[in-house]
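# Breakdown of the fold
As a plain string of letters, each chain reads:
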Amino acid sequence: MLRVLILCTHNSARSQMAEALTREAARRAGLALDVHSAGTEATRVKDEAKTVLSEIGLSLDGHSSKTLWDVPNAQNFEYVITVCDSAAEACPVYPGQTQRLHYPFTDPSGGSLERWRAVRDQLAAQVDAFVQALRQGQPVPASYADSPAVPVA
């Protein structure tokens, strides 16, 4: 089973949403993925993230904000995806078998629910492109810009 880690600064919004969206995309595709998220700092899962995911039938119940060191087997991932520039800069070095990807998204914190929904939908399109590439045995998009299925924000 492939392991995927999604990193952001606080593991409170984008990485939490991306974790749930990636699990759901993998489930729909019939692809076995072990998906985790973490932050460079732990805070709390934001209510707006819970709200916009619940609108599409996904739940963040039971999720908590965590750091990389709270994730099981933290140095053993085939894919490490950063979803913000700060996490990309602070991301630790991984062994050679890990492929690092950078898919940066706007931080919706402090914005309207419409802004949260826009980020959710962009994340969903990106993780769908990632999962479909894995399912089809194709190279995964190396960056957000390399994903033709993702609308440019």
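Residues numbered from 1 in each chain as written. Predicted model: local features only at pLDDT ≥ 70, side-chain atom pairs only at ≥ 80, totals over all residues. Heavy atoms only, no water.

### Section: the state of the cysteines
- Here the structure, examined in full by the defined rule, presents zero disulfides.
- Looking at Cys-8, it has no disulfide partner, and the nearest cysteine sulfur is the one in Cys-84, 3.5 Å off.
- The class for Cys-84 is buried, based on a relative accessible area of 5%. (Disulfide = S-S within 2.5 Å. Buried < 20%, exposed > 50% of the residue type's maximum accessible area, 1.4 Å probe, protein only.)

### Description of the sheet that holds strand β2 (residues 33-39)
- Pairing in this open sheet of four strands is parallel, and the strands run β2-β1-β3-β4 from one edge to the other. The outermost strands of the open sheet, each flanked by one partner alone, are β2 and β4 (99-102). Mean inter-strand twist for the sheet, computed between neighbouring axes without regard to direction, equals 20 degrees.
- Sheet topology note: the strand β3 (residues 79-82)/β4 ladder contains four bridges and is parallel. By the bridge assignment, Thr-82 is partnered in β4 with His-102.
- Sitting on the sheet, helix α1 (residues 14-29) is in contact with β1 (2-8) and β2, with an inclination near 175 degrees to β2.
- Lying on the sheet, helix α4 (residues 113-136) is in contact with β1, β2, β3 and β4; it crosses β3 at an angle near 165 degrees. (Pairing = 2+ DSSP bridges. Helix = DSSP H or I, 4+ residues; strand = E, 2+ residues; numbered from the N terminus. Axes fitted to C-alpha atoms, helices over the stretch in contact; angles between N-to-C directions. Contact = heavy atoms within 4.5 Å.)

### Structural notes on the pattern of salt bridges
- Summed over the entire model, instances satisfying the criterion amount to ten salt bridges.
- A salt bridge links Glu-24 to Arg-27; the shortest N-O distance between them is 2.6 Å. Residue Glu-24 and its partner Arg-27 are both found in helix α1; the two are separated by three residues, about one turn of the helix.
- In the salt-bridge network here, residues are joined through shared partners; they are Glu-55, Glu-114, Arg-117, Arg-120 and Asp-121. (Salt bridge = Lys/Arg side-chain N within 4 Å of Asp/Glu carboxyl O.)

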